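Architecture at a glance
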Amino acid sequence: MEEGGTGGKRQNPLDLEKKFEAFGCHASTVCGYDLEAIYRAVLRAKKAKEQMSVIILETEKGMGCSFAEKESFNHYMSFDREMADSVDDILEKLIPQSK
């Protein structure tokens, strides 16, 4: 008997889309930085009215934030004033403030 009862096929334990589909969900995986792709995935999910929908966003921690991209272990970074100001600048570009 093969491990996992897959008849000799090994499954990728990290394939989240297949895991959700195995539970009957409509699942799709898109780039978490591509707003158009996210929007299209939401529209597809709305069409799957008979199933729960899951949208998996593939992202990379720190992407888009220059000082975090340079650090290999950026999960527990300490921020100084200059870093905090640059995050504010990034957020202002992403989320324009209404005046």
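Scroll up a little and you will see the structure.
Notes on the structure follow. What you see is a predicted model; the values in this text were computed from it and never measured.

Another point: the overall build of the protein chain. Scanning the protein chain for helices and strands turns up four helices and two strands. Helices (α) and strands (β) of the protein chain occur, in sequence order from the N terminus, as α-β-α-β-α-α. Long-range pairs, those at least 24 residues apart, make up 43% of the contacts in the protein chain between residues at least 6 apart in sequence. Surface accessibility of the protein chain: about 8600 Å² in total, with carbon and sulfur atoms responsible for 54%.

Another point: a nonpolar patch on the surface. Where nonpolar side chains cluster on the molecular surface, the patch consists of Val-42, Ile-55 and Leu-57 and spans about 200 Å² of accessible area. Structurally, Val-42 is set in helix H2 (residues 35-47). By relative accessible area, Val-42 is classed as partly exposed at 32%.

Pairing analysis gives six bridges linking strand E1 (residues 26-31) to strand E2 (residues 53-58), with the strands arranged parallel. By the bridge assignment for E2, Ser-28 is matched with Ile-55. What joins E1 to E2 is H2, and the crossover it makes is right-handed.

Before going further, it helps to spend a moment on the side chain of Ser-28. Its location among the elements puts Ser-28 in strand E1. Residue Ser-28 is classed as buried on the basis of its relative accessible area, which comes to 8%.

Each value, and the rule that gives it
- Residues numbered from 1 in each chain as written.
- Predicted model: local features only at pLDDT ≥ 70, side-chain atom pairs only at ≥ 80, totals over all residues.
- Heavy atoms only, no water.
- Helix = DSSP H or I, 4+ residues; strand = E, 2+ residues; numbered from the N terminus.
- Contact = heavy atoms within 4.5 Å.
- Areas by Shrake-Rupley, 256 points an atom, 1.4 Å probe, with all protein chains shown as cover.
- Patch = residues over 30% accessible without salt bridge, like charges linked within 9 Å, V, L, I, M, F, W, Y side chains within 5 Å.
- Salt bridge = Lys/Arg side-chain N within 4 Å of Asp/Glu carboxyl O.
- Buried < 20%, exposed > 50% of the residue type's maximum accessible area, 1.4 Å probe, protein only.
- Pairing = 2+ DSSP bridges.
- Right-handed = clockwise from strand over helix to strand, strands pointing away.

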